[in-house]
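Fold and contact review
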Amino acid sequence: MTDNPSVPAPAGGEARSPERPPAPRGPREGGRRDDRGRGPRRGGPGGGPGGRRFFRRRRVCKFCVEKMDHIDYKDVNVIRQFVGDRGKILPRRISGVCAPHQRQLKVAIKRARNIALLPFATLTS
Amino acid sequence: MRTYEVIFILRPDLPETETDALIEQMQQSVTGAGGRVTNADKCKWGKRPLAYRVHGQREGFFVLFEVEGGGEALRELERRLKVAEPVLKLLSVRVDLERKRAEKHRHKREHRAARRHRPAPAGGPSAAEARPPDGPAPAGA
């Protein structure tokens with residue numbers, strides 16, 4: 001609070017993040033940036049040494065966009081988009097499906113598997 | 001009254017007459033137990049590839065029934081299907097609750113959208129004014 005009137009920088013800092021004091025921002029931001037760099041590189045597909053930027057997917061639930069209230073186990077073409085090559089259910093963090101729709105999708109996929117519309121697992125040689 | 005979807009797979013090498021006979025027989029078992037097959041005329045999906053092999057078969061003849069009725073109708077149908085030899089697989093799902101839920105969601109969303117787009121409804125009295133005055137003599141009388 002003592003350096004607030006003398007330095008004009010806190011005003012800009014306040015506009016960006018009102019509750020954070022300016023002093024610990026430097027080191028913490030550095031630490032965070034480190035984490036941010038490491039996370040995607042570990043999870044991303046082939047984040048090589050070229051320093052390629054991590055490709056962030058458009059995280060929008062497809063079912064919400066198309067305003068589908070019910071996911072039917074019979075339309076395989078829709079469901080198949082949310083199943084990986086091996087026949088596994090894609091996690092939400094990859095497909096971007098919202099939680100309520102992922103729950104419906106899970107049931108639909110399991111039903112479709114039961115009636116041989118979708119594979120339980122596919123062999124990849 | 002409940003609604004069920006019963007989907008079953010028949011052997012693909014079954015002659016068409018036998019397929020039709022079996023479907024007919026199953027429909028009768030539903031009606032006999034007090035139910036009703038609501039999509040009786042278009043219940044056949046036809047031959048489709050199976051995602052995995054079932055009894056050595058790589059494809060199957062899919063049939064989908066929408067059954068309306070109580071649990072007894074479904075139980076009888078399931079029993080008959082399990083006993084029937086050309087049936088490879090069957091799955092029955094109760095759909096009335098899910099449909100009701102989906103309907104509710106749809107209504108909710110429409111309601112919300114309507115409220116957002118028309119914040120101030122107007123035209124009640126003006127509509128009354130716009131009503132044409134009755135009085136002109138009917139033509140050709």
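Above this text is the structure in question.
The structure presented is a predicted model; accordingly, all values stated were derived computationally and were not measured. (Residues numbered from 1 in each chain as written. Chains lettered and ligands numbered in written order. Predicted model: local features only at pLDDT ≥ 70, side-chain atom pairs only at ≥ 80, totals over all residues.)

**Some words on the overall build of chain A**
In terms of helices and strands, chain A carries 6 helices and 0 strands. Within chain A, contacts between residues at least 6 apart in sequence are counted, and of these 59% link residues at least 24 apart. (Helix = DSSP H or I, 4+ residues; strand = E, 2+ residues; numbered from the N terminus. Contact = placed C-beta atoms within 7 Å.)

**A look at the pairing of strand β1 (residues 2–10) of chain B**
Residues and elements named next belong to chain B. When you tally the buried positions in β1, you get 7 out of 9 residues, the bulk of the element. Across 7 bridges, the pairing between β1 and strand β5 (residues 87–94) is antiparallel. The residue of β5 that forms the bridge with Y4 is R94. (Buried ≥ 20, exposed ≤ 12 C-beta atoms within 10 Å, placed from the backbone. Pairing = 2+ DSSP bridges.)

**Overview of the interface of chain A and chain B**
Each partner contributes residues to the interface: chain A has 11 residues there, and chain B has 15 residues. Looking at the side of chain A that touches chain B residue by residue, the classes come out as 6 nonpolar, 2 polar and 3 charged. (Nonpolar A, V, L, I, M, F, W, Y, C, P; charged D, E, K, R; others polar.)

**Concerning the nonpolar core**
Core analysis: the biggest nonpolar cluster contains 36 residues, and A112(A), V67(B) and L77(B) have the highest contact counts within it. Of all the secondary structure elements, the ones that give two or more residues to this core are α6 (99–114) of chain A together with β1, α1 (16–32), β4 (57–69) and α2 (71–83) of chain B. For this core, the element with the highest residue contribution is β1(B), accounting for 6 residues. Contact partners of V67(B), with chain neighbours within four places excluded, come to Y4(B), V6(B), V30(B), G35(B), V37(B), A73(B), L74(B) and L77(B). (Core = buried A, V, L, I, M, F, W, Y, C linked by C-beta atoms within 7 Å.)

**Structural notes on unusual backbone geometry**
Phi is positive for A116(A), close to 65°, though the residue is something other than glycine. Of note, A116(A) is situated in the segment after α6. One non-glycine residue, H55(B), lies in the positive phi region at around 50°. For H55(B), the location among the structural elements is in the loop between β3 (44–54) and β4.

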